[in-house]
Amino acid sequence: MITADRKAREEAHLWRIRHEEGLSDTEQLQFREWYDASVKHAEAFIEAELFWVRSGDVEFQKTTLAELERLQTADSSQPPIQPVKSSYRPPNFSKTVTAGMALAAMILLCVIVLSPSLLFPVGDPEFERFASEKGQTRIITLPDNTMITLSAASEVEIALSDTQRSVRLNEGAAFFDVASDPSRPFLVDTAFADIAVTGTQFDVHLRDDLVRVAVGEGSVDIAGDGIANAEGLAVSLTAGQSIEYTSNGGFSEIAEVFPAELAAWRGGRLIYVDAPLARVLEDLNRYSSSPITADERAAAMKISGIYDASRIEAVLEAIERSLPIRLTGTGAERHFVSE
């Protein structure tokens, strides 16, 4: 069982990204001081390594798990174990966000209460459609410097007015880096839930059966479809939190999310922790040129891993190795069958 606390885990993920991008001599010393300061830090860093390692690297997983077990059973006075380094290279998003936008997102924690009248005001403005192709992401920059990153095979409609900024997410996923403007709230409408903010960074995934929202910076309010004005039925999320909502089951429990996880799909990485195979295939089909399906039993099987969306064949092989299933069919259409 992992004993590292949340603060240590978040710091570990941030250090890992910086480590992969390259540390200066000074930063190397700072990292060693942080790592050596506490067994919890060492545990958290190795947990982060294990979480981000590419699926199928059995030897890495064995080595990492062995070191984690040693850390958890060793006396805290013993010398810390040298952290393991993987080959993952996360993108450097600092180049794509201006300093002003980043500062605004960090200092603003303003949230508004949802109301149906805010979603589409009288004189509903005209919406403009934006879409991304299969296997490709697309960045949309609005006049107010808000940036929207569309995942593969995703679609949004955007309308701007003097009083608000409205987005409809019709399919797929999008990451929002919202420029602060308290006089014009930023509203995202989906098939299942509505999200309202004035300035923040958050991620929205829309699936056939649910919508998932994760917040990187700032805070958001989420209300289920049709209950936006019902008192007590809106949920507030702050940085480092995520939640799912379905029309049948309502809200899930609030879960934690790391900044590195939010950046993953924008760098072509798909991350799953005990996710049904059906959900994984739903995502893969936004990148694959041919459909990938599974029988009912296989679709319900749970899987965890980090996959490279640009290497579909390698992903399918990794899934086949991880579960008691086999892949049938040709390149035109593949199908997982339970054994």
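(A) Quick look at the environment of Ser304. Along the chain, the position of Ser304 falls in strand S17 (residues 302–308). For Ser304, a relative accessible area of 39% puts it in the partly exposed group. Separated by 31 residues in the primary sequence, Ser304 and Val273 have C-alpha atoms spaced 4.3 Å apart.

(B) Here's a closer look at the pairing of strand S5 (residues 165–177). Most of S5 sits inside the fold, with 10 of its 13 residues counted as buried. One ladder, built from four bridges, connects strand S3 (residues 147–150) with S5; its direction is antiparallel. Across the sheet, residue Thr149 finds its bridge partner in S5, namely Phe175. When strand S4 (residues 155–160) meets S5, the two strands line up antiparallel, connected through six bridges. Note on S5: the bridge partner recorded for Glu155 is Glu171. What sits between the antiparallel neighbours S4 and S5 is a turn of four residues. Direction of pairing for S5 relative to strand S6 (residues 186–189): parallel, over a ladder of four bridges.

(C) Spotlight on the pattern of salt bridges. The full count for this structure, using the stated rule, is eight salt bridges. Between Arg32 and Asp36 there is a salt bridge, and its shortest N-O distance comes to 2.8 Å. Separated by four residues within a single helix, Arg32 and Asp36 lie in helix H2 (residues 25–37), roughly one turn from each other. Within this structure, Arg207, Asp283 and Arg286 form a network of salt bridges that share partners.

(D) Spatial organisation of the sheet that holds strand S19 (residues 333–338). The three strands are arranged S16-S19-S18 in an open sheet whose pairing can be described as mixed. One side of each edge strand has no neighbouring strand; the edge strands of this open sheet are strand S16 (292–294) and strand S18 (325–330). Sheet twist, expressed as the average angle between the axes of neighbouring strands with direction ignored, equals 25°. Relative to S19, S16 runs parallel, the two sharing three bridges. Bridge pairing in S19 places Ala294 opposite Phe336. Helix-sheet contacts for helix H8 (residues 277–284) involve S16, S18 and S19, and the interaxial angle to S16 is about 170°. Contacts between helix H10 (residues 312–322) and the sheet are confined to S16, S18 and S19, with S19 contributing the most and set at about 10° to the helix.

The rules we used
Residues numbered from 1 in each chain as written. Predicted model: local features only at pLDDT ≥ 70, side-chain atom pairs only at ≥ 80, totals over all residues. Heavy atoms only, no water. Helix = DSSP H or I, 4+ residues; strand = E, 2+ residues; numbered from the N terminus. Buried < 20%, exposed > 50% of the residue type's maximum accessible area, 1.4 Å probe, protein only. Pairing = 2+ DSSP bridges. Salt bridge = Lys/Arg side-chain N within 4 Å of Asp/Glu carboxyl O. Axes fitted to C-alpha atoms, helices over the stretch in contact; angles between N-to-C directions. Contact = heavy atoms within 4.5 Å.

Function cannot be inferred from these measures alone, as they are strictly geometric.
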